[in-house]
Amino acid sequence: MSHIRFNHVFLMLLVTSGATAFFVPMEYSGRLRGHIDGLFAPVAYPIRQFAYKVTGTLSSETAAAEVGNLPANAAMEIQRLKTTIASLNAQLELLALQQKMRERVGPVEKYSLPFKVIGGGDGFRDSLSISGSSGDGLEQNMAVVCPWGLVGRVASAGQGGARIQLITDGGFKVQGSFRRNTANGSVRLVTKPPLVIGRRDGIMSIANLSLEQIKDVREGDDVVLDDDSWPILVRGLTLGTVHSKRPQPDSPLWAEIIVSPRVDLRQLREVLVVTEPTGPAPVAAGPGIKAPAPAQQAQQGARRPPARGRN
Amino acid sequence: MRWLSFAILAYLTIAVQVAMGGFLNWGAAAPNLVLPVAVFIAINAKREEALLGTFLLGALQDLFTQQPPGLYAFSYGLVGLFVIGAQPAVYRDHPLTHVFVTLLAGLVTGAVVFFNEWAYPALHEIADAPKPSVWRMVLGAGYTALLAPVMLAGLVRMKKAFGFRNQRASPIGGHHSAPMSRI
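Residues numbered from 1 in each chain as written. Chains lettered and ligands numbered in written order. Predicted model: local features only at pLDDT ≥ 70, side-chain atom pairs only at ≥ 80, totals over all residues. Heavy atoms only, no water.

Caption draft 1: Inspection of the overall build of chain A at higher detail. Secondary structure assignment for chain A yields 6 helices and 13 strands. For chain A, with 311 residues in total, the buried portion stands at 54%. Of the contacts made within chain A by residues no fewer than 6 positions apart, 67% connect residues no fewer than 24 positions apart. Carbon and sulfur atoms provide 59% of the accessible area of chain A, an area that totals close to 13,900 Å². (Helix = DSSP H or I, 4+ residues; strand = E, 2+ residues; numbered from the N terminus. Buried < 20%, exposed > 50% of the residue type's maximum accessible area, 1.4 Å probe, protein only. Contact = heavy atoms within 4.5 Å. Areas by Shrake-Rupley, 256 points an atom, 1.4 Å probe, with all protein chains shown as cover.)

Structure, rendered in structure tokens:
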């Protein structure tokens, strides 16, 4: 190929890729993704397992149980039960108002499929690659959970793999509520609904409440999902715990609350994708991804196959 | 350049980048393990092969990121254009070359990503998009540049497997010239 002809071709490739990156909405260009992720799993998965061992991620997950001297398995089980109890309490409050949903109450696991995590994000975005695909019934916007709470949503699902957008990804927004574990169980704190926004690097923040409105909120309180646009099964799941609160630098009367998940979601080994929600798919989309229309959501609910286990 | 060797290298690099995502972060700095490989190709291959190779690496990486598709293909294509212009003037196998060229490539890529994170929400009317961070971009480029000599030390020893063309005339005062093969 002559110099001049190659230059034209290369210039065309550059212009096309640049135009795609800047001008084409991601809901169209993103369809290219999720088709070949599984091809890289034979190499990516063993490397990730090795990285888990080297970094001792299992020990950090155990530490998140916040129980001092118990064996690792017992500590994890206690933490899982605490999260389940808080989630069930919130679900029961909603079900008192919705008679039709009463028969779907139960652990989220019954309506989910487990998938192994084979890869992480690229540093600019918080995301995970999982071993599932559209052939397993995965679809965009499905909720993703783990024993420690909400993980995020399916950002793209193709024949070759799927990617999850984490709740800590920049711009990921959900509505939540504050809860505190007491001797009487999980108690909801009465505040204006906080809007939890992902801030990357594994943390989230709340910036829509004034200092006066959060005067009863303490470090260590739980922030749970309380958003009508998410399936009822996952409402009440923990988003994280209050790590710190301080006045916003630009608006001293307003608070900035840092919320950190119980574990580093970027280093999860396995996640559960809720494939049979009882309500509409989550619409708390991040930048570049639009929520499905209500008619589409109803069709998605009717189309999903029955949940089945997968390793 | 032997494209089979390039394909194997691209596959392994992307797999490692995907697998190590989230484990190599140091604060806000996250390394881009594909970039040193793109620099290696751009420094050593012929002009057309270098440009195409870097572009393909970027396109492959685009399939595994959350950014708009085409972003890394565009970035690495620009990196290829810059690096092939510097080919006659650098010692291709020297670790310092790898560090500085990777640093420059990281800054170019980071600048493109930074601009995209600023412009994309404005063009598509997306509210509450995260603000791009210059600091994150610079730290990431620096971290990647520090890893480059480590990664490329092994690749330099395997240059024969890629079938790069014979060394051209050496840089001024250098000693890397090899006899031109007879046609």
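Caption draft 2: Region of the structure containing the interface of chain B and chain A. With 53 residues of chain B at the interface, the matching set in chain A holds 54 residues. Across the chain B/chain A interface, buried area totals approximately 4,900 Å², and carbon plus sulfur atoms make up 65% of it. Interface area lost by chain B to chain A is led by B:Phe23, B:Gln66 and B:Arg136, which between them contribute 17%. Scanning the region where chain B abuts chain A turns up 2 salt bridges. A:Asp201 is paired through a salt bridge with B:Arg136; the nearest N and O atoms lie 3.0 Å apart. Between the two partners, chain B and chain A, sit 12 residue pairs in polar contact (both at pLDDT 80 or more). Breaking the side of chain B that touches chain A down by element, the ones donating at least two residues are helix 1 (3–19), helix 3 (47–62), helix 4 (71–86) and helix 5 (95–123) of chain B. Looking at the side of chain B that touches chain A, its residues break down into 35 nonpolar, 12 polar and 6 charged. (Buried area = accessible area lost by both parts, 1.4 Å probe. Salt bridge = Lys/Arg side-chain N within 4 Å of Asp/Glu carboxyl O. Polar contact = N/O pair within 3.5 Å; in protein donor to acceptor, adjacent residues only side chain to side chain. Nonpolar A, V, L, I, M, F, W, Y, C, P; charged D, E, K, R; others polar.)

Caption draft 3: Representation of the packing of helix 4 of chain B against helix 5 of chain B. Residue and element names in this part refer to chain B. Contact pair helix 4 / helix 5: the axes reach a minimum separation of 9 Å and the direction vectors enclose 145 degrees. Every pair of crossing elements has a handedness; the one defined by helix 4 and helix 5 is right-handed. Facing Leu71, Tyr72, Phe74, Ser75, Tyr76, Leu78, Val79, Phe82 and Val83 of helix 4, the residues of helix 5 in contact are Val101, Ala105, Val108, Thr109, Val112, Val113 and Asn116. Class assignment for the residues of the contact of helix 4 with helix 5 results in 13 nonpolar, 3 polar and no charged. (Axes fitted to C-alpha atoms, helices over the stretch in contact; angles between N-to-C directions. Left-handed = near helix turned anticlockwise from the far one by under 90°.)

Caption draft 4: Inspection of the pairing of strand 5 (residues 162–166) of chain A at higher detail. Residues and elements named next belong to chain A. The element strand 5 is largely enclosed, with a buried count of 5 among its 5 residues. As paired strands, strand 2 (residues 127–130) and strand 5 are joined by 4 bridges and run antiparallel to one another. Looking at the pairing, Ser127 lines up with Gln165 of strand 5. As judged from the 5 bridges shared by strand 4 (residues 149–157) and strand 5, these two strands associate in the antiparallel manner. Bridging from a neighbouring strand, Ala157 pairs with Ala162 of strand 5. Connecting the antiparallel pair strand 4 and strand 5 is a turn made up of 4 residues. (Pairing = 2+ DSSP bridges.)

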